[in-house]
Protein chains: 2
Amino acid sequence: MDRFVSTFTNKIDAKGRVSIPASFRAVLERDGYAGGIAGGLYCYPSLDAQALDAGGERLAKKIDGLLAGLPDYSDERDELSVALYGDVQVLSIDGDGRIVLPENLRAHANLDAAVSFVGLGEKFQMWEPKLFEARRAEARSKVQVTRKLFAAGSRPSSDGGDEGARE
Amino acid sequence: MDRFVSTFTNKIDAKGRVSIPASFRAVLERDGYAGGIAGGLYCYPSLDAQALDAGGERLAKKIDGLLAGLPDYSDERDELSVALYGDVQVLSIDGDGRIVLPENLRAHANLDAAVSFVGLGEKFQMWEPKLFEARRAEARSKVQVTRKLFAAGSRPSSDGGDEGARE
DNA sequence: CGGGCCTTTATGGGATCGCATGGGATTTGA
DNA sequence: TCAAATCCCATGCGATCCCATAAAGGCCCG
């Protein structure tokens with residue numbers, strides 16, 4: 001497995017520690033984790049959501065790629081650089097696969113008692129569980145519309161067994 | 001055989017385990033199951049039905065293909081990522097060909113005692129048996145062609161009346 | 001054509017393993 | 001010296017593996 005998939009919700013303990021889901025840790029290790037598990041986890045506030053984005057080396061490279069695509073000394077680049085790099089924290093993962101979220105990150109995502117880890121393929125997000133439920137419901141309702149477009153184009157004719165299964 | 005066909009109903013045991021029909025397992029293996037049977041089964045709530053969609057690598061690639069066509073950091077991609085990756089569960093298949101359905105998936109499809117596995121070609125669905133019966137009956141009442149076949153006396157083997165599982 | 005053996009499959013239960021979580025001990029930095 | 005962060009160990013729960021059983025279907029042989 002080489003992508004972050006699924007959603008897991010873990011608790012924040014009295015010391016502010018949270019376990020990263022085991023399957024996510026596996027992805028991080030395979031992601032070319034500089035320095036093995038002792039390396040770090042790239043984490044920063046989501047640009048457009050009340051959540052945190054996180055990932056390994058691959059995500060870091062992707063951010064570099066985005067910035068590289070913009071002209072030097074442009075306003076956009078400056079703003080993106082600040083927005084992304086400026087708030088990035090490299091969190092260390094302890095021997096039990098846990099991290100401690102700094103105060104400013106906790107505040108941005110409104111995290112206190114628990115964290116929902118949401119796999120998004122090349123990265124994952126950390127949400128306050130209730131906020132994520134709302135977000136998920138919203139996403140699903142929007143995708144309902146989009147989905148029909150995809151379904152019409154991508155479904156092979158062999159899928160004829162459909163009758164009776166849906167309406 | 002390389003498509004999921006027919007319908008089978010299996011029980012959920014005290015631990016929440018369900019056997020995947022043997023013929024479906026065969027399809028999964030032939031589907032280019034990365035890492036052999038130890039790989040996983042991609043499963044998520046149907047967007048438009050009270051059921052679960054599931055499939056193998058082919059289905060996973062399809063999801064990737066959808067996302068690959070969208071630009072990074074676009075709204076559409078975010079929505080789809082959350083709706084698909086976030087909701088997708090990679091269920092592991094044990095040595096006996098069984099899976100354990102997580103609570104949120106069980107809830108979506110209203111599964112408790114048994115599951116009807118419905119082949120849809122490249123993927124299959126998992127239904128609460130009674131719900132599926134209702135759906136099937138509804139669909140059949142709409143399909144007038146079936147009546148004509150009966151009247152003509154040329155009862156095709158494909159008629160569904162007997163596809164129920166063993167029990 | 002029929003009967004019996006053998007394989008496959010679903011299902012149940014017990015045992016084991018891994019993971020999330022909590023608490024104490026130890027180090028680090030001011 | 002004290003506070004805060006890190007490391008290490010304990011534990012409980014859930015998930016996973018392994019084996020046993022039984023029923024069904026297929027196959028071969030009579």
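Preceding this paragraph is the structure being described.
Worth saying up front: this structure is predicted, and the values here are computed from it rather than measured.

The rules behind these values
- Residues numbered from 1 in each chain as written.
- Chains lettered and ligands numbered in written order.
- Predicted model: local features only at pLDDT ≥ 70, side-chain atom pairs only at ≥ 80, totals over all residues.
- Heavy atoms only, no water.
- Pairing = 2+ DSSP bridges.
- Helix = DSSP H or I, 4+ residues; strand = E, 2+ residues; numbered from the N terminus.
- Axes fitted to C-alpha atoms, helices over the stretch in contact; angles between N-to-C directions.
- Contact = heavy atoms within 4.5 Å.
- Near = heavy atom within 4 Å.
- Polar contact = N/O pair within 3.5 Å; in protein donor to acceptor, adjacent residues only side chain to side chain.
- Nonpolar A, V, L, I, M, F, W, Y, C, P; charged D, E, K, R; others polar.
- Expected span 1.5 Å × (residues − 1).
- Salt bridge = Lys/Arg side-chain N within 4 Å of Asp/Glu carboxyl O.
- Buried < 20%, exposed > 50% of the residue type's maximum accessible area, 1.4 Å probe, protein only.

Enquirer: Account for the sheet that holds strand 7 (residues 114-119) of chain A, with residues named and values stated.
Expert: All names here are of chain A. The sheet built from six strands is open, its strands ordered 1-7-8-4-3-5 with antiparallel pairing. Edge positions in the open sheet fall to strand 1 (7-11) and strand 5 (89-91), since each of these has one partner strand only. Between one strand and the next, the sheet's axes are offset by a mean angle of 30°, whatever the strand orientation. Of the pairings in the sheet, the one linking strand 1 to strand 7 comprises five bridges and is antiparallel in character. Paired with Lys 11 across the bridge in strand 7 is Ala 114. Packing of helix 1 (residues 22-30) onto the sheet brings it into contact with strand 1, strand 3 (41-45), strand 4 (52-55), strand 7 and strand 8 (124-127), and relative to strand 7 it is tilted by some 50°.

Enquirer: Describe in detail the protein's contact with DNA strand C, supporting the description with residues and values.
Expert: Within the structure, DNA strand C sits among 25 residues, and Lys 15 and Arg 98 of chain A together with Lys 15, Arg 17 and Arg 98 of chain B are positioned closest to it. With respect to DNA strand C, the backbone of Ala 22 of chain A contributes an N or O atom lying 2.9 Å from a phosphate oxygen. Residue Arg 17 of chain B places a side-chain N or O atom 2.6 Å away from a base oxygen belonging to DNA strand C. Breaking the surface near DNA strand C down by element, the ones donating at least two residues are strand 1, strand 2 (17-19) and helix 1 of chain A together with strand 1 (7-11), strand 2 (17-19) and helix 1 (22-30) of chain B. Tallied by class, residues from the surface near DNA strand C come to six nonpolar, four polar and 15 charged.

Enquirer: How would you summarise helix 5 (residues 129-142) of chain B if you had to cite specific residues and measurements?
Expert: Residue and element names in this part refer to chain B. Over its 14 residues, helix 5 extends 20 Å from the first C-alpha to the last, a length consistent with the 20 Å expected when each residue adds 1.5 Å. Looking at the buried side of helix 5, the elements it contacts are strand 1, strand 7 (114-119) and strand 8 (124-127). The backbone nitrogen of Lys 130 has a side-chain oxygen 2.9 Å away, supplied by the residue at the start of helix 5, namely Glu 128.

Enquirer: So what about the protein's contact with DNA strand D? Which residues, and what values?
Expert: Around DNA strand D sit Lys 15, Arg 17, Asp 94, Asp 96 and Arg 98 of chain A together with Lys 15, Arg 17, Ser 92, Asp 94, Asp 96 and Arg 98 of chain B, and that is every residue in its neighbourhood. When atoms of DNA strand D within 4 Å of the protein are sorted by moiety, sugar and phosphate together comprise 19%. Of the residues that constitute the surface near DNA strand D, the class distribution is no nonpolar, one polar and 10 charged.

Enquirer: A description of the pattern of salt bridges should follow, citing residues and the corresponding values.
Expert: It is possible for side chains of opposite charge to pair when their charged atoms get near one another. Counted according to the given criterion, the structure contains 15 salt bridges over all chains. The residue Asp 96 of chain A makes a salt bridge to Arg 98 of chain A at a minimum N-O spacing of 3.3 Å. Among the residues examined, Arg 98 of chain A registers a relative accessible area of 21% and is labelled partly exposed. We note a salt bridge from Asp 13 of chain B to Arg 98 of chain B, for which the minimum N-O separation is 3.9 Å. A residue pair is termed long-range when its members are at least 10 positions apart, and Asp 13 of chain B in the loop between strand 1 and strand 2 and Arg 98 of chain B in strand 6 (residues 98-100) qualify at 85 residues. Looking at Asp 13 of chain B, the relative accessible area reads 24%, which means it is partly exposed. Here the salt bridges share partners, and the residues they tie into one network are Asp 13, Arg 17, Asp 94, Asp 96 and Arg 98 of chain A.

Enquirer: Hey, could you go over the sheet that holds strand 4 (residues 52-55) of chain B for me, with residue numbers and the actual values?
Expert: All names here are of chain B. What the six strands build is an open sheet, ordered 1-7-8-4-3-5; its pairing is antiparallel. Where the open sheet ends on each side, the last strands, each with one partner, are strand 1 and strand 5 (89-91). For this sheet, the mean inter-axis angle between neighbouring strands, taken without regard to orientation, is 30°. Summarising the sheet, strand 7 and strand 8 pair through four bridges and their orientation is antiparallel. Each residue of the ladder has a partner; that of Gly 119, found in strand 8, is Phe 124.

That is the geometry; function is a separate question.
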